[in-house]
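# What the coordinates show
What follows is the residue order along each chain.
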Amino acid sequence: MKIAVVGTGYVGLVTGTCFAETGNDVTCVDIDVNKVNKLTNGEITIYEPGLEKLFLRNLKEERLHFTTDLSAAIKDAVIIFLALPTPPGEDGSADLKYVLGVADDLGKIIKNYKVIVDKSTVPVGTAEKVHSAIAKNSKSDFDVVSNPEFLREGVAVEDFMKPDRVVVGTNSEKARKLMSDLYAPFVRQGNPVIFMDERSAELTKYAANSFLAAKISFMNEIARLCELLDADVDMVRRGIGSDDRIGKRFLFPGIGYGGSCFPKDVQALVKSANDVKYDFKILNAVMNINEGQKLYLISGIKKYFNNDLKGKKFALWGLAFKPNTDDIREAPSLYMIDALVKEGATVSAFDPEAMNNVKKLLGDKIEYAESQYMALANADALIIATEWNEFRTPDFAKIAASLKNKAIFDGRNLFDLAAMRELGFYYQSIGRAIVK
Ligand SMILES: NC(=O)c1ccc[n+]([C@@H]2O[C@H](COP(=O)([O-])OP(=O)(O)OC[C@H]3O[C@@H](n4cnc5c(N)ncnc54)[C@H](O)[C@@H]3O)[C@@H](O)[C@H]2O)c1
């Protein structure tokens with residue numbers, strides 16, 4: 001099948017590459033000339049495990065193409081995916097200017113039947129708006145389908161190739177058949193393609209992300225309570241996670257959820273609810289808890305240093321909002337950096353993949369170390385903000401020898417309390433006793 005993907009970011013590039021991998025002819029379009037040039041020349045633009053191999057193979061086999069020319073990209077395509085940004089607007093709602101802008105353009109250029117698929121996360125009613133924006137300029141036959149994306153950065157290729165489910169919102173039989181054929185190779189093991197109306201599909205995505213965010217905020221509150229009641233959140237997590245109704249995943253407390261999706265999607269769903277005069281109480285609490293959690297570890301650090309961080313230097317391990325990605329959008333590390341620098345401290349950071357993105361954003365606001373151990377030089381303490389695997393069993397002797405104080409503040413609960421006690425560290429994590 002001939003397919004176009006408009007927007008070649010984290011979702012668009014994975015979508016385009018994976019559809020090419022199952023034999024489709026895919027053209028990805030982006031307005032970022034630099035990005036398109038790099039991709040055309042075989043240079044991958046994001047870090048995503050497993051993606052580069054697939055990308056290079058399909059580029060070589062000429063099933064994957066990149067262009068800045070929307071008309072050329074969609075000319076022969078039957079299905080056009082929109083994988084465009086939907087950032088938060090000033091009032092918290094999803095800003096639809098990219099999606100509706102492209103819909104407007106498509107109306108002027110489509111000449112024969114197309115299925116336009118919204119893969120961006122968009123509020124309920126967007127499919128209808130996209131339909132109107134296209135219909136305004138077009139006499140051609142077309143359908144608009146909502147097909148929200150559930151991939152997780154860090155395991156995006158696996159998620160796309162073997163999705164738990166595919167949600168397709170459409171009332172058109174013709175579009176339904178085309179979407180079924182396209183997704184058939186991805187659901188051979190029997191995972192469902194769930195068809196529904198457009199509005200329900202749009203809400204499904206927000207409901208999924210908001211529920212997961214709620215799980216995280218709930219565990220962060222349980223962690224706070226554990227500290228006050230002398231319980232251990234790791235034990236509580238294991239105790240409740242083995243209940244099938246609760247499940248083991250997304251029960252890890254930490255320094256708040258971040259990334260390009262949860263913060264904006266929870267906010268946008270609250271805004272959608274407000275627009276229809278519904279007060280979504282749980283989600284307001286979820287957001288408030290998350291705000292407080294981002295700087296919770298900083299309060300522990302300040303206490304340890306008697307409220308005086310001026311002139312102190314902190315080694316920071318982890319910048320990406322989660323491991324196995326270079327994505328730093330809404331990363332908790334950035335909030336911590338900001339707070340530390342405001343207190344007069346300096347930061348020497350290391351991340352296996354996200355350093356370049358942080359350099360572009362923060363410039364010389366912080367130092368960038370070449371390795372996790374180089375970040376420790378002359379530092380007063382170590383802070384851990386992302387649970388990269390390589391941070392899990394570090395050389396503690398090296399850490400102890402480099403730091404001015406044997407103090408670790410761990411926002412991801414990487415280490416065993418007994419081991420830290422034995423090693424003689426001051427060790428503060430989340431929802432567990434402080435090792436002194
Ligand atoms: N990143 C995720 O993990 C994830 C997961 C599921 C859903 N989503 C949703 O998918 C959508 C895209 O997210 P993303 O993370 O891929 O964003 P992104 O910022 O990485 O990529 C968006 C791309 O669109 C391009 N673009 C902007 N305007 C354009 C235009 N007029 N024509 C062509 N290209 C244009 C940008 O240059 C960029 O390359 C969002 O709605 C997001 O909420 C993201």
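A brief report on the enclosed structure follows. Bear in mind the structure is a predicted one, so any value in this text is a computation, not a measurement.

Criteria and thresholds
Residues numbered from 1 in each chain as written. Predicted model: local features only at pLDDT ≥ 70, side-chain atom pairs only at ≥ 80, totals over all residues. Heavy atoms only, no water. Phe/Tyr/Trp six-rings, centres within 6.5 Å; stacked < 30°, edge-to-face > 60°. Helix = DSSP H or I, 4+ residues; strand = E, 2+ residues; numbered from the N terminus. Buried < 20%, exposed > 50% of the residue type's maximum accessible area, 1.4 Å probe, protein only. Lys NZ or Arg CZ within 6 Å of the ring centre and 35° of its normal. Lys, Arg positive; Asp, Glu negative; His and termini not counted. Salt bridge = Lys/Arg side-chain N within 4 Å of Asp/Glu carboxyl O. Polar contact = N/O pair within 3.5 Å; in protein donor to acceptor, adjacent residues only side chain to side chain. Contact = heavy atoms within 4.5 Å. Core = buried A, V, L, I, M, F, W, Y, C linked by side-chain atoms within 4.5 Å. Pairing = 2+ DSSP bridges. Axes fitted to C-alpha atoms, helices over the stretch in contact; angles between N-to-C directions. Near = heavy atom within 4 Å. Nonpolar A, V, L, I, M, F, W, Y, C, P; charged D, E, K, R; others polar. Arc of directions from axis to C-beta. Disulfide = S-S within 2.5 Å. Parallel < 35°, antiparallel > 145°, perpendicular 65-115°, else oblique. Left-handed = near helix turned anticlockwise from the far one by under 90°. Patch = residues over 30% accessible without salt bridge, like charges linked within 9 Å, V, L, I, M, F, W, Y side chains within 5 Å. Areas by Shrake-Rupley, 256 points an atom, 1.4 Å probe, with all protein chains shown as cover.

## Here we look at the packing of aromatic side chains
Tallying each qualifying case throughout the model produces 21 aromatic pairs. Their ring planes at 65° and their centres at 5.5 Å tell us that Phe19 and Tyr183 sit as a pair that is edge-to-face. Remark: Tyr183 occurs in helix H8 (residues 173–183) and Phe19 occurs in helix H1 (residues 10–21); sequence separation between them is 164 residues. In this structure, Phe19 and Tyr183 share a single accessibility class: buried. Taken together, the ring pairs in this structure connect Phe19, Phe81, Phe160, Tyr183 and Phe186 into an aromatic cluster. Lys398 extends its terminal NZ or CZ atom over the ring of Tyr373, reaching a point 4.4 Å from the ring centre. The cationic tip of Lys406 hangs over the ring face of Phe425; the distance from NZ or CZ to the ring centre is 5.2 Å.

## With respect to the side chain of Glu202
By the element assignment, Glu202 lies in helix H9 (residues 198–229). Although buried, Glu202 forms no salt bridge, and the nearest oppositely charged side chain, Arg199, lies 6.0 Å from it. Within the structure, Glu202 has its side chain in polar contact with the backbone nitrogen of Gly125 (distance 2.7 Å). A distance of 3.4 Å separates a polar atom in the side chain of Glu202 from the backbone nitrogen of Thr126. When near neighbours in sequence (up to four residues on either side) are disregarded, Glu202 contacts Val122, Pro123, Val124, Gly125, Thr126, Ala127 and Ser146.

## Considerations on the nonpolar core
Counting residues in hydrophobic clusters, the biggest one holds 61 residues, and the most contacted among them are Phe314, Leu382, Ile383, Ile399, Ile408 and Phe409. Here this core takes 5 residues from helix H14 (residues 332–342), the largest share from any one element. For Ile399, the contacting residues outside a window of four places in its chain are Trp317, Tyr373, Leu376, Leu382, Pro394, Ile408 and Phe425. Listed in part, the 40 residues of the second largest apolar core include Val5, Leu59, Phe160 and Val166.

## So, the sheet that holds strand S14 (residues 426–428)
Ordered by their spatial adjacency, 6 strands build an open sheet running S11-S10-S9-S12-S13-S14, and the pairing between neighbours is parallel. On the outer flanks of this sheet lie strand S11 (367–368) and S14, each paired with one strand and no other. Where strand S10 (residues 346–350) lies against S11, 2 bridges are found, and the strand directions are parallel. Bridge pairing in S11 links Ser348 to Glu367. Its contacts with the sheet place H14 against strand S9 (313–317), S10 and strand S12 (381–384), and it is angled at close to 175° to S9.

## Quick notes on the site of the ligand
Near the ligand there are 27 residues, and of these Asp30, Lys35, Thr86, Glu153 and Lys264 occur at the shortest range. Between Tyr10 and the ligand, the recorded distance is 3.1 Å, taken from a backbone N or O atom to an oxygen atom. In the model, an oxygen atom of the ligand is placed 2.9 Å from a nitrogen or oxygen of the Thr121 main chain. Among the elements of the structure, H1 and helix H5 (97–109) are those that each provide at least two residues to the shell around the ligand. Partitioned by chemical class, the residues of the shell around the ligand number 12 nonpolar, 7 polar and 8 charged.

## Points about the pattern of salt bridges
The full count for this structure, using the stated rule, is 26 salt bridges. Between Asp265 and Lys264 there is a salt bridge whose closest N-O contact spans 2.8 Å. The same class applies to Asp265 and to Lys264, which are both buried. For the salt bridge of Glu343 with Lys302, the shortest nitrogen-to-oxygen distance reads 3.0 Å. Note that Glu343 is positioned in the loop between H14 and S10 and Lys302 in helix H13 (residues 296–304), a separation of 41 residues in sequence.

## Focus: the environment of Ile44
By the secondary structure assignment, Ile44 is in the loop between helix H2 (33–40) and helix H3 (51–60). The exposure class of Ile44 is buried, given its relative accessible area of 18%. Those residues in contact with Ile44 that sit more than four places away from it in its chain are Leu13, Leu39, Leu51, Glu52 and Phe55.

## Comments concerning helix H10 (residues 233–241)
Among the residues of H10, those classed as buried are Val233, Asp234, Arg237 and Gly241. Each buried residue of H10 sits inside an arc of 105° when the element is viewed along its axis, so together they form one side. Where H10 begins, one side-chain oxygen reaches toward the backbone nitrogen of Asp234, 2.8 Å away; that side chain belongs to Asp232.

## Focus: the state of the cysteines
What the rule picks out here adds up to 0 disulfides. Cys18 takes part in no disulfide bond, and the closest cysteine sulfur to it belongs to Cys28, at a distance of 11 Å. For Cys18, a relative accessible area of 0% gives the class buried.

## Re the packing of H9 against helix H11 (residues 262–275)
One way to put it is that H9 packs onto H11 with a least axis distance of 9 Å and a crossing angle of 115°. Classed by the angle they form, the pair H9 and H11 counts as roughly perpendicular. Read as a crossing pair, H9 and H11 show a hand that is left-handed. For the pair H9 and H11, contact is made by Leu203, Lys205, Tyr206, Ala207, Asn209, Ser210, Leu212, Ala213 and Ile216 and by Phe262, Asp265, Val266, Ala268 and Leu269, respectively.

## Brief notes about a nonpolar patch on the surface
Together, Leu225, Leu228 and Leu229 make up an exposed nonpolar region whose accessible area comes to about 360 Å². Considering the arrangement of structural elements, one finds Leu229 in helix H9.

## Comments concerning H13
Buried residues of H13: Tyr296, Leu297, Ile298, Gly300 and Ile301, and no others. After H13 finishes, the residue Asn306 shows a positive phi value of roughly 50°.

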